[in-house]
Structure formats: structure tokens, C-alpha cells
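Single-letter residue listing:
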Amino acid sequence: MARDTLVSWQTFALFVLFPPAALVALVFFPLTLLVFGWLYYRGKYEAVLESGDEQTAVEPSDAAR
């Protein structure tokens, strides 16, 4: 049975949809790594600040003894 088209519409849809999906993945993968890195360093910085606050809170009570 002869067909009027070279490829089916499903094949054409995959061809049209996957290159944009690949471009989105190329953009979001490095962006995801940047967000994870930023969250890591922000948490590390806040932990350092928190430990510094605990030390300053302990020092005055030690001086009072």
C-alpha cells in the first residue's frame, strides 16, 4: 500500500520535539549545578555564622563566672 508521506506523523513529532528538549536539558543541567552549589555555600556560610553566634553567646557567661 503506497503512502503519500515520507515519514509518519509520530516520527515527525519526535524529530520536532526532541531537539528542543535536548536544548532545554543543556541549559537546565548547568543551571541545576549552579543552584546546588549556591545552596551548598549558602548553607556552609550560615553554619559558620551560627557557630560563631554560639561561641559569642558562651563567652559572656564564662566571663561572668
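Heads up: the structure comes first, above all this text.
Residues numbered from 1 in each chain as written. Predicted model: local features only at pLDDT ≥ 70, side-chain atom pairs only at ≥ 80, totals over all residues. Heavy atoms only, no water.

**Some remarks on the overall build of the chain**
Right, so step 1: Along the backbone of the chain there are 1 helix and 0 strands.
Right, so step 2: Taking all 65 residues of the chain together, 0% fall into the buried category. (Helix = DSSP H or I, 4+ residues; strand = E, 2+ residues; numbered from the N terminus. Buried < 20%, exposed > 50% of the residue type's maximum accessible area, 1.4 Å probe, protein only.)

**Describing the packing of aromatic side chains**
Right, so step 1: Considering all chains together, one arrives at 1 aromatic pair under this definition.
Right, so step 2: A centroid spacing of 5.0 Å and a plane angle of 75° characterise the contact between Tyr40 and Tyr41, whose relative ring orientation is edge-to-face.
Right, so step 3: Taking relative accessible area as the criterion, Tyr41 reaches 55% and is therefore assigned exposed. (Phe/Tyr/Trp six-rings, centres within 6.5 Å; stacked < 30°, edge-to-face > 60°.)

**Structural notes on a nonpolar patch on the surface**
Right, so step 1: A surface patch of nonpolar side chains, about 900 Å² in accessible area, is lined by Val24, Val27, Phe28, Leu31, Leu34, Val35, Phe36, Trp38 and Leu39.
Right, so step 2: For Phe36, the location among the structural elements is in helix α1 (residues 9–64).
Right, so step 3: Residue Phe36 is classed as exposed on the basis of its relative accessible area of 54%. (Patch = residues over 30% accessible without salt bridge, like charges linked within 9 Å, V, L, I, M, F, W, Y side chains within 5 Å. Areas by Shrake-Rupley, 256 points an atom, 1.4 Å probe, with all protein chains shown as cover. Salt bridge = Lys/Arg side-chain N within 4 Å of Asp/Glu carboxyl O.)

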